[in-house]
Amino acid sequence: MADKLQRYRGKRDPRRTSEPMPAEGPPSSGSDDTFVIQEHHARSLHWDLRLERDGVLVSWAVPKGLPPDPDTNHLAVRTEDHPMEYATFEGEIPAGEYGGGTMTIWDRGRYVTEKWSDREVKVVLNGSRVSGRYVLFRTRDRNWMIHRMDPPVEGWERPPDSLAPMTPVTRSRAPRDPRGYGWEFAWGGLRAFAHVRGGRLTLRSATGDDITRDHRWLRPMAEAFGSRSSILDGEIAPLAGTPVYIAYDVLHDEGESLLDAPYTARRATLEGMGIAGPRWQTAPAWPGELAAVRQAARAQELPGVVGKRLDSPYRPGEESPDWVYLPS
């Protein structure tokens, strides 16, 4: 009987990697019902889908993760079979080794096979993060596509492809109730929406143009999001002479529109995302602290401050009195 793990072993040096390396011989038989999805921060972020079959884990690398709705198919690249022990593997694969990078378990559980052939695999996944019917179908050589056959998870909403920005009304005097606003710096940069999905970034200008190629340096931010799907509103502004993306609002997150949520709720979500990196950060905000924020903006020679009513929703394309711009 051919060794199903020959390719797996041939790609790895057991002296350098902590990945499981079972002894040669026929694999043990199981129930053909275990699956695992691993988030793999290698040369490029992807997710590895592995399905137990005849004693091994039949594997596909899925660059954008499993599709959450039936309207979009995702590429799935067939890779070598992995040993069953890999279903519990997490760790750091050394740099320079095949698949070098961080491997974590994103989801695991049981599955039911509806069809299995050399060109099509239909399964029902039952995990803690993913459940439903999926089909993998071969397109060419090692390239397959994965399609969700069930409707989206209840409450999940497909994020819009583009949004127009909400803008503040310019005032020369502070509002009568400054404590009812969250105060932020006006950065004077390039307004940009960051669409993050499946570890990939699409950056759009205020007019909806795709400006991703002009700011490729920001792509690592999307990888830092992992599988999280979000739309951020922010600016690209020079800090200490280096362009940085400053996120100050979140409009869509994990299949949920936040446009109707109050500013305070959107800020709480944004701050909980931990957006902080070498060239991306969360804009600070101070509820009610107009005088101190305005003084700090002047000291840093920023153009002004923006106040956003704490209970204000996000209204795309509107110049709204709920937001106030005060020049320095």
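Before any of the text, the structure's been laid out above.
Residues numbered from 1 in each chain as written. Predicted model: local features only at pLDDT ≥ 70, side-chain atom pairs only at ≥ 80, totals over all residues. Heavy atoms only, no water.

Draft legend 1. Just the pattern of salt bridges, in detail. As enumerated under the stated definition, the model contains 23 salt bridges in all. Between Arg 133 and Glu 114 there is a salt bridge, and its shortest N-O distance comes to 2.9 Å. Highlighted residues: Arg 133 in strand E9 (residues 131-140) and Glu 114 in strand E7 (residues 101-116), separated in sequence by 19 residues. A relative accessible area of 26% means that Arg 133 is categorised as partly exposed. With a shortest N-O distance of 2.8 Å, Arg 228 and Asp 253 are connected by a salt bridge. (Salt bridge = Lys/Arg side-chain N within 4 Å of Asp/Glu carboxyl O. Helix = DSSP H or I, 4+ residues; strand = E, 2+ residues; numbered from the N terminus. Buried < 20%, exposed > 50% of the residue type's maximum accessible area, 1.4 Å probe, protein only.)

Draft legend 2. Spotlight on helix H3 (residues 263-272). Looking only at H3, the buried set comprises Tyr 263, Arg 266, Arg 267 and Leu 270. Each buried residue of H3 sits inside an arc of 100 degrees when the element is viewed along its axis, so together they form one side. Residues of H3 that are buried sit in contact with strand E12 (181-186), strand E15 (230-239), strand E16 (242-253), strand E19 (280-282), strand E21 (304-309) and strand E22 (319-327). Gly 274, located one to two residues past H3, shows a positive phi value of around 65 degrees. (Arc of directions from axis to C-beta. Contact = heavy atoms within 4.5 Å.)

Draft legend 3. The packing of aromatic side chains, seen in detail. Inspection of the entire model under this criterion finds eight aromatic pairs. Judged by centre distance (5.0 Å) and plane angle (50 degrees), the rings of Tyr 86 and Phe 89 are tilted. Each member of the pair, Tyr 86 as well as Phe 89, is classed as buried. Judged by centre distance (5.6 Å) and plane angle (90 degrees), the rings of Phe 185 and Trp 187 are edge-to-face. Among the residues examined, Phe 185 registers a relative accessible area of 7% and is labelled buried. Take Trp 187: its relative accessible area is 11%, and that puts it in the buried class. An aromatic cluster is built from Tyr 8, Tyr 86 and Phe 89, whose rings are joined through pairwise contacts. Above the face of the Trp 60 ring, Arg 78 is positioned so that its terminal group lies 5.5 Å from the ring centre. Stacked on the ring of Trp 217, the Lys or Arg Arg 279 has its end atom at 4.1 Å from the ring centre. (Phe/Tyr/Trp six-rings, centres within 6.5 Å; stacked < 30°, edge-to-face > 60°. Lys NZ or Arg CZ within 6 Å of the ring centre and 35° of its normal.)

Draft legend 4. Up close: the nonpolar core. Ile 37, Leu 49, Leu 51, Trp 60, Leu 125, Leu 136 and Ile 146 are the most contacted members of the largest nonpolar core, which totals 31 residues. Contributions of two or more residues to this core are made by strand E1 (34-41), strand E2 (45-53), strand E3 (56-62), E7, strand E8 (120-127), E9 and strand E10 (143-148). Considering every element that reaches this core, the biggest residue donor is E3, with five residues. Those residues within four positions of Trp 60 in sequence are excluded, and the remaining contacts are Trp 47, Asp 48, Leu 49, Leu 51, Ala 76, Val 77, Arg 78, Thr 79, Trp 116, Val 121, Leu 136 and Trp 144. Ranked by size, the runner-up nonpolar core spans 21 residues in total, among them Val 196, Leu 201, Ala 261 and Ile 275. (Core = buried A, V, L, I, M, F, W, Y, C linked by side-chain atoms within 4.5 Å.)

Nothing here speaks to function; it is geometry throughout.
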